[in-house]
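Given next are the chains, with one letter for each unit.
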Amino acid sequence: MDYICIGRNSSKNSCPCDDPLWDRSVFAETMQTKFGLYCESIWLISFSQSMMYVGLLVGALIFGFLSDKYGRLSMFTMSCLILAVSGCLVSAMPSATAYIFMQNIEGIGTGGAMITAYVLCIEYSGLKHREIVTALFHLPINISHMTLPGISYLLRHCDDFQLALSIPVFFYVTLRWLTMESPKWLMDSGRIDEAVTVMEKIAIFNGISSDNIREQIEEYHAQHSTKTRKQIKFWQIFKHKKITMNVLYMSVIYFLCGMGYYGVSQYIGKMSGDIHINVAISGALLVPGSIAAVFLLKLLNRRTFLMITIILSGTFMLLSICVPMHLSWIRVVISCICNCFFFMSFIIAFLFTVELFPTSVRNSVLGFLSVLSRVGQITAPLINSLPENASGAVFGVLGLIGIIFCYLLPETKDTELPSSLDDSKLLTRRGTSLELNIAIT
């Protein structure tokens, strides 16, 4: 927020300053005005945002590992509880240090909830519905992105705004009593009775017979040897060259997607001055990408679709910097199209990941890759500190590099979710069908 230093001069944001008069025309109170952050202490504002990103990174990693061990639903509930409590406490913190610390905890809860919720949804879904569930999972995120500036417009005080976002999250803690654990995780963890109970409830809800569900699940479980059924640790996947290379390829893709999506979002934000309009437009422009992904995921192979979105995102970014600076509206439109393709790349990468790796490490790998995405996100502001055309060129060129790593990945379309490392190793660039004798939904 801008300020004028009383008693010195009328210029904006001058330093040193003992008594700032804040411009409250947009917001009544922010972290900056609440704790008096300006001049020598202004760096704490960007530091608090960075610590939120660090929390997202840590949360995705920690809860990725924990959900593979203790279950998706339990860790989703725990993540939401941390998010709700810490979010409410942020508004009550008495100092900037305490505020930043609690924001970091809030980020941990957010990162955990996002990862566990996505994997839980995918493992609920049958093979033929996996693509549409993946795309529709991101649509509410787009809608919430669009409505966020409306809440901010109505609640101009940072504490009121924080509470309005945090209190409703307590509702999701109750989902533990309203929904069920992933049947896929229960089956591959050897918890057959619980898996049968869940699948019977699903069958009743869907209006189909549940008479032979136990027999099917027991047959599926029996056909997997002790070796393939054994629960592996995340670090054990690096003993296998093919799986290790797949992790490496996806790591680069996640880094580039994180850097590109968040970086171009910030890049677009620099082109307009109204913060509420910026956030609303950036959210609205992602909705067409999510809707298009519903249909394109059905039509195209994973590798093909991911390569197309990455090519188009990099190309449109490079096209935008070729447009003369005085045609700013054209540059904005092209950059928004670029960001839409970066977002679609994220959608495909999420689905690709859960289809590449076995159940016992699926969330761990997704959490690890999300860390790489957050690292890319953290580097984005550094790139945006460059001149406009230079930062656009970096985003475009680095985005195009991802094509190489997409090509090296195996194809996973129309395959059952792998239960073991052996299943993952069967995947090839031409695709394969993992012949399982039971479809879990």
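What you see is a predicted model; the values in this text were computed from it and never measured.

### Here's the deal with helix H18 (residues 388-407)
Phase 1: Helix length check: H18 (20 residues) gives 30 Å between terminal C-alpha atoms against 28 Å at 1.5 Å per residue, within 8%.
Phase 2: By the burial criterion, the buried members of H18 are Ser-391, Gly-392, Phe-395, Gly-396, Gly-399, Gly-402, Ile-403 and Cys-406. Taken down its axis, H18 places every buried residue within 145 degrees of arc, on the same side.

### Considering the state of the cysteines
Phase 1: Tallying each qualifying case throughout the model produces 2 disulfides.
Phase 2: Across the disulfide, Cys-5 is cross-linked to Cys-17 (sulfur-sulfur distance 2.3 Å). Here the S-S torsion is close to 110 degrees, and the disulfide linking Cys-5 with Cys-17 is therefore right-handed. You can see Cys-5 sitting in strand E1 (residues 3-5) and its partner Cys-17 sitting in the loop between E1 and strand E2 (20-22), a full 12 residues away along the chain. The same class applies to Cys-5 as to Cys-17, namely buried.
Phase 3: Shown here is the disulfide that connects Cys-15 with Cys-39, its sulfur atoms set 2.0 Å apart. Disulfide Cys-15-Cys-39: the torsion about the S-S bond is -100 degrees, which places it as left-handed. One end of the pair, Cys-15, is in the loop between E1 and E2; the other, Cys-39, is in the loop between helix H1 (31-34) and helix H2 (43-70), with 24 residues separating them in the sequence.
Phase 4: Here the cysteine-cysteine linkages of the protein are recorded as 1-3, 2-4, numbering only bonded cysteines and doing so in sequence order.
Phase 5: Here Cys-80 is not cross-linked by a disulfide; its sulfur's nearest cysteine counterpart is in Cys-121, at 12 Å.
Phase 6: The class of Cys-80 is buried, set by a relative accessible area of 3%.
Phase 7: Cys-88 forms no disulfide, and the closest cysteine sulfur to it belongs to Cys-80, at a distance of 13 Å.

What counts, and at which threshold
Residues numbered from 1 in each chain as written. Predicted model: local features only at pLDDT ≥ 70, side-chain atom pairs only at ≥ 80, totals over all residues. Heavy atoms only, no water. Helix = DSSP H or I, 4+ residues; strand = E, 2+ residues; numbered from the N terminus. Expected span 1.5 Å × (residues − 1). Buried < 20%, exposed > 50% of the residue type's maximum accessible area, 1.4 Å probe, protein only. Arc of directions from axis to C-beta. Disulfide = S-S within 2.5 Å.

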